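Descriptive analysis of the structure
Single-letter residue listing:
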Amino acid sequence: MSEMDDLAAFAVLIEAGSFTLAAQQLGCSKGQLSKRISLLETRFCVVLLQRTTRRLSLTAAGAALLPQAQALVVQVERARQALARLKDDMAGPVRMTVPVSLGETFFDGALLEFSRQYPEVQIELELNNNYRDLSRDGFDLAIRSEVAHDERLVARPLLAWHEMTCASPAYLERFGEPLTPQALAEHRCLLNSHYSGREEWLYHQQHELLRVRVSGPFASNHYNLLKKAALADAGIARLPSYLLQEELADGRLRWLLRDYQTRSMPMYLVHPYQGGLPKRTQVLADYLIGWFKRSGEALDRLQR
């Protein structure tokens, strides 16, 4: 036992009033407790107790030491209660709503890794491209590309992505690589039906805006379906950079028109005001911020 343990035992002994009761509370024998008090007296070179068959009496040294020992017991109990509250606050559900393509791309890896570190947190993930009111719909966290002014919510930057024009090596071998945006008019393009202007692709170079009319055999409002079509050599797609980390790294897709800029879009992690968050929600929010930062750095290295 440490000196702090022996001080705590001394305080318990005085509170109990007898070695028998104190030993029961401490889960040890009377002989063990007596030995601990003797060791404490030896360390401090004082006598702490006057022992008789009927009662325990404090010496002057014991009376001086008792308040410090009692304060130590109080601090240990406060620490135990704090840890118990933290454990209780970490156990329970966290409900999240995120865009479909982002959830399908990242959240299997991110959340499985988180669950290994915090198995007591139960994550309920909804993939939905529609706006969800966190308070009304019962969500703790959301990921959004647009953030309305709402004093009840905190929006923390999560990642910034831009659209990348890409195609498979097999498609480019068959149809050639477009070297300018205007050349896309002669290619089979995969269109995003989520946007009303899906047949017009915009590019920027320096201060010039280029508008290109495109067409193709397939359209979808689902980014992952467009990616699968590009991987199947069906045409040229414009996809979010966060979707393409593995495909660019292993060469299954190639990034085209790299000298031309496309639209960029920030993504935010949104949650209720920090003061009202359970600990498990705070921990998950902080974890996701760090996880996406590392993923973004890895994607930046691929794009250099």
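Shown above is the structure to which this text applies.
Predicted model only: the values in this text are computed from it and were never measured.

When helices and strands are counted, the protein shows 10 helices and 13 strands. Computed over C-alpha atoms, the radius of gyration of the protein comes to 32 Å, more than 25% over the 19 Å expected from 2.2 N^0.38 for 304 residues, which places it beyond the range of a compact globule. Taken over 304 residues, the protein has a buried fraction of 39%. Across the protein, every contact between residues at least 6 apart in sequence was considered, and the portion connecting residues at least 24 apart equals 72%. Accessible area for the protein stands at about 17200 Å²; split by element, carbon and sulfur atoms hold 51% of it. For the protein, the distance from the average position of its 36 positive side-chain charges to the average position of its 35 negative side-chain charges is 7 Å.

Inspection of the entire model under this criterion finds 15 salt bridges. For Glu 200, the salt bridge is made with Arg 211, and the minimal N-O distance between the two is 3.2 Å. Separated by 11 residues along the polypeptide, Glu 200 in strand S8 (residues 200–205) and Arg 211 in strand S9 (residues 208–213) bring together distant segments of the chain. What makes Arg 211 exposed here is its relative accessible area of 53%. Here the salt bridges share partners, and the residues they tie into one network are Glu 126, Arg 132, Arg 136 and Asp 137.

With that settled, the discussion passes to the packing of aromatic side chains. All told, the structure shown has six aromatic pairs when counted by the stated rule. Seen in terms of ring centroids, Trp 161 and Tyr 242 are 5.8 Å apart; in terms of plane orientation they differ by 90 degrees. Their pairing is edge-to-face. Of the two residues, Trp 161 is situated in strand S6 (residues 153–167) and Tyr 242 in the loop between strand S11 (236–240) and helix H9 (245–250); the sequence distance between them amounts to 81 residues. Under the relative-accessibility criterion, Trp 161 is labelled buried at 5%. An aromatic cluster is present here, built from Phe 114, Tyr 118 and Tyr 287 joined pairwise through their rings. The lysine or arginine in question, Arg 95, covers the ring of Phe 139, its NZ or CZ lying 4.1 Å from the ring centre. Across the ring face of Tyr 203, the terminal group of Arg 238 is positioned such that the distance to the ring centre comes to 4.8 Å.

Positive phi is not limited to glycine here, since Cys 45 has a value of about 60 degrees. Tracing the backbone through its elements, the reader meets Cys 45 in the loop between helix H3 (30–44) and strand S1 (49–51). Here the phi dihedral of Leu 257 falls at roughly 55 degrees; this positive angle occurs in a residue that is not glycine. Structurally, Leu 257 is set in the loop between strand S12 (254–256) and strand S13 (264–272). Overall, the relative accessible area of 7% leaves Leu 257 in the buried class.

One can find Thr 59 in the loop between strand S2 (56–58) and helix H4 (60–90). Residue Thr 59 is classed as buried on the basis of its relative accessible area of 13%. When neighbours within four sequence positions are excluded, Thr 59 is seen to be in contact with Val 47, Leu 48, Leu 49 and Gln 50.

Parameters and conventions
Residues numbered from 1 in each chain as written. Predicted model: local features only at pLDDT ≥ 70, side-chain atom pairs only at ≥ 80, totals over all residues. Heavy atoms only, no water. Helix = DSSP H or I, 4+ residues; strand = E, 2+ residues; numbered from the N terminus. Rg over C-alpha atoms; globule rule 2.2 N^0.38 Å. Buried < 20%, exposed > 50% of the residue type's maximum accessible area, 1.4 Å probe, protein only. Contact = heavy atoms within 4.5 Å. Areas by Shrake-Rupley, 256 points an atom, 1.4 Å probe, with all protein chains shown as cover. Lys, Arg positive; Asp, Glu negative; His and termini not counted. Charge placed at Lys NZ, Arg CZ, Asp CG, Glu CD. Salt bridge = Lys/Arg side-chain N within 4 Å of Asp/Glu carboxyl O. Phe/Tyr/Trp six-rings, centres within 6.5 Å; stacked < 30°, edge-to-face > 60°. Lys NZ or Arg CZ within 6 Å of the ring centre and 35° of its normal.

Nothing here speaks to function; it is all geometry.
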